[in-house]
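Descriptive structure summary
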Amino acid sequence: MAAVLRGRFLPRVWLCRKAGQGGGRDYRAALCTELKQPLTVEEVAPSPVGPREVRVDVHFCGVNFADILVCRGQYQERPHLPFTPGESLMLFSLQGDQVVGVSFFNGMAEECIIDQKMLWQIPEKVSLREAAALPISYTTAILALEHRARTQPGETVLVTAAAGATGLAVIDVATNILQAKVIAVAGSDEKCKLAMQRGAQFCVNYNQGSLKEAVRKLVGSGGVNVAIDMVGGDVFLEALRSLAWEGRIVVVGFTGGNIASVPANLLLLKNISAMGIASGQYRDKNFPVLSKTLSSALQYCQQGCIQPHVGTLFKLEEVNDAFLHVMQRKSMGKVLLSPK
Ligand SMILES: NC(=O)c1ccc[n+]([C@@H]2O[C@H](COP(=O)([O-])OP(=O)(O)OC[C@H]3O[C@@H](n4cnc5c(N)ncnc54)[C@H](OP(=O)(O)O)[C@@H]3O)[C@@H](O)[C@H]2O)c1
């Protein structure tokens, strides 16, 4: 595979060299050996590299909400035990090429075997930490705002869990790429402050009263054009009720633990569209869209148009602390693990 498209494919020599390694020394990996129990970090033997796969060193791996749900048995994908979680990675080659990838599993380790097509070259000027925030959080933000909700310049976007990894990515893309106005919604004043610093025009602390009422005070009875919801339950319903005529709401996640039912009459009354996004599904259903989206994110980052915010960095041995940090709602921005 040659360097066909800049920023997408990797040099043939590098891929061949890594792919040719038949498995070397043991390496450290976080293992989920029992669901809902703390992970262990153990030395594991390298697996053989399959066709179209490469073995890569992992320098950073994102800690995503989904990784935690998988280890609790609460995610749609249920891998056989024991397994190594970790879906978004920043990888670093021996020959100086820096690549970022999406593996769905196995990223929380010193090494990972990954499908070549799920690697993207990191352009110069993009730091390794910034790149690690792009594959899941920014691709999801771009897909939700652009591909699904078709957000237009000047429109108002409401985003819940706004100080989280995906929330901050939504603020960044909406304000700096799409020229939309953002109302951030978060669970503490500290989180609201960060959301405002990162570009939101207003922020509502949803622990301090009705979200719908707060939004009405900000934008009037007209409502917001787009809502991106990561929380679910009552927060989703209030976001839905805050939409304007022909508004769009995108379901991204259910961090609050409850899945709301959509009152269909609300969709009819204001010509509202309710839609979902499962960014990982694009790997099999429409890979060119996924590839173009991550390439765009890398390019925006290189041009300085977007600035991923890495909140906390944990060592591989601290994987359980990292999970707790996220579950206790302490995280702001992207949480990373560093296996090196
Ligand atoms: N569909 C997709 O393709 C896709 C892609 C990426 C992420 N997601 C989903 O989007 C959601 C957010 O992901 P993320 O990586 O941005 O997460 P994150 O950075 O960990 O942020 C999660 C935020 O959710 C809020 N939250 C509300 N109730 C919570 C609870 N009971 N426990 C923990 N957090 C709670 C918290 O913010 P406040 O304190 O401000 O409420 C927390 O900071 C997750 O559900 C994730 O699975 C989906």
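Reading the values: the criteria
Residues numbered from 1 in each chain as written. Predicted model: local features only at pLDDT ≥ 70, side-chain atom pairs only at ≥ 80, totals over all residues. UniProt positions renumbered as here; feature names shortened; annotations may be inferred. Pairing = 2+ DSSP bridges. Helix = DSSP H or I, 4+ residues; strand = E, 2+ residues; numbered from the N terminus. Axes fitted to C-alpha atoms, helices over the stretch in contact; angles between N-to-C directions. Near = placed C-beta within 6 Å. Domains from an automatic or database assignment. Nonpolar A, V, L, I, M, F, W, Y, C, P; charged D, E, K, R; others polar. Right-handed = clockwise from strand over helix to strand, strands pointing away.

Taking an unreviewed UniProt entry as the reference, the chain is identified by name as Enoyl reductase (ER) domain-containing protein belonging to Prolemur simus. In its Sequence similarities (unreviewed entry) section, the UniProt entry covering the chain states "Belongs to the zinc-containing alcohol dehydrogenase family. Quinone oxidoreductase subfamily."

**As for the sheet that holds strand β9 (residues 181–186)**
The six strands are arranged β10-β9-β8-β11-β12-β13 in an open sheet whose pairing can be described as parallel. Here the strands that pair on one side only, and so sit at the sheet edges, are β10 (202–205) and β13 (273–276). When strand polarity is set aside, the average angle formed by the axes of neighbouring strands in this sheet is 20°. Note that β9 and β10 share four bridges and pair parallel. What sits directly across from V185, in β10, is V204.

**Let's talk about the site of the ligand**
Neighbouring the ligand are 30 residues, the closest being G164, T166, G187, G253 and T255. Put simply, the parts of the chain that give the shell around the ligand at least two residues each are α2 (65–71), α3 (128–148), α4 (165–176) and α11 (319–327). Counting residues per element, the shell around the ligand draws most heavily on α4, at three residues. A domain split of the shell around the ligand shows at least three residues from each of domain 1 (12–126 + 309–338) and domain 2 (136–280).

**Brief notes about the domain arrangement of the chain**
Each assigned domain of the chain is listed here: domain 1 (12–126 + 309–338) and domain 2 (136–280). Spacing between the C-alpha centres of domain 1 and domain 2 amounts to 29 Å. When the residues that make up the side of domain 1 that touches domain 2 are grouped by side-chain class, the tally is three nonpolar, six polar and three charged.

**Looking at the pairing of strand β14 (residues 310–315)**
In terms of strand pairing, β14 meets strand β15 (residues 334–338) through five bridges, oriented parallel. Pairing of K315 across the sheet is with S338, part of β15. The β-α-β motif built from β14, the intervening α11 and the parallel element β15 has right-handed crossover chirality.

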